[in-house]
Amino acid sequence: MTEAEAKLQGYFEQLMVFVENTSKSSEDSILLAGAMMSVSRILYYDNLNKEQAKHIMEQNTFDFVELIKPTIHWGKYGKIL
């Protein structure tokens, strides 16, 4: 494992602990994930060239949408709408 990979794993674990300690519901967790994506967008565009930032954001957005697809149509009463 490279130093960068080890740092990334550490950050990931810290964020997951934060989610576990602050989220009260699935909706909270998804909203928190969206906030994290917003922060990443700001950081990408501030620190990478425009093409690199766009590529990373497109890939991450696709991954996020794939992750939440099963929850998108889930109603507050536990039924698929």
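Preceding this section is the structure that the text describes.
Keep in mind that this is a model prediction, so the values were computed, not measured. (Residues numbered from 1 in each chain as written. Predicted model: local features only at pLDDT ≥ 70, side-chain atom pairs only at ≥ 80, totals over all residues. Heavy atoms only, no water.)

(A) Spatial organisation of the environment of asparagine 49. Tracing the sequence through the fold places asparagine 49 in the loop between α2 (26–47) and α3 (50–72). At a separation of 3.0 Å, a polar atom in the side chain of asparagine 49 contacts the main-chain amide nitrogen of glutamate 51. (Helix = DSSP H or I, 4+ residues; strand = E, 2+ residues; numbered from the N terminus. Polar contact = N/O pair within 3.5 Å; in protein donor to acceptor, adjacent residues only side chain to side chain.)

(B) Looking closely at the side chain of serine 40. Position of serine 40 among the secondary structure elements: in helix α2. On the basis of relative accessible area, serine 40 is assigned to the buried category, the value being 15%. There is a polar contact of 2.7 Å between the side chain of serine 40 and the backbone oxygen of methionine 37. (Buried < 20%, exposed > 50% of the residue type's maximum accessible area, 1.4 Å probe, protein only.)

(C) Layout of the packing of helix α1 (residues 3–22) against α2. Between α1 and α2, the shortest axis-to-axis distance is 10 Å and the interhelical angle comes to 140 degrees. Pair α1 / α2 crosses with right-handed handedness. On α2, the residues that touch Leu15, Phe18, Val19 and Thr22 of α1 are Asp28, Ser29, Leu32 and Met36. In the contact of α1 with α2, the residues fall into five nonpolar, two polar and one charged. (Axes fitted to C-alpha atoms, helices over the stretch in contact; angles between N-to-C directions. Left-handed = near helix turned anticlockwise from the far one by under 90°. Contact = heavy atoms within 4.5 Å. Nonpolar A, V, L, I, M, F, W, Y, C, P; charged D, E, K, R; others polar.)

(D) Quick look at the pattern of salt bridges. Using the criterion set out here, one finds one salt bridge in the structure. One salt bridge in this structure joins lysine 7 and glutamate 3, with 3.9 Å as the shortest N-O distance. Linking lysine 7 with glutamate 3, this pair stays in helix α1, spanning four residues, or about one helical turn. Accessibility expressed as a relative area gives 60% for glutamate 3, which makes it exposed. (Salt bridge = Lys/Arg side-chain N within 4 Å of Asp/Glu carboxyl O.)

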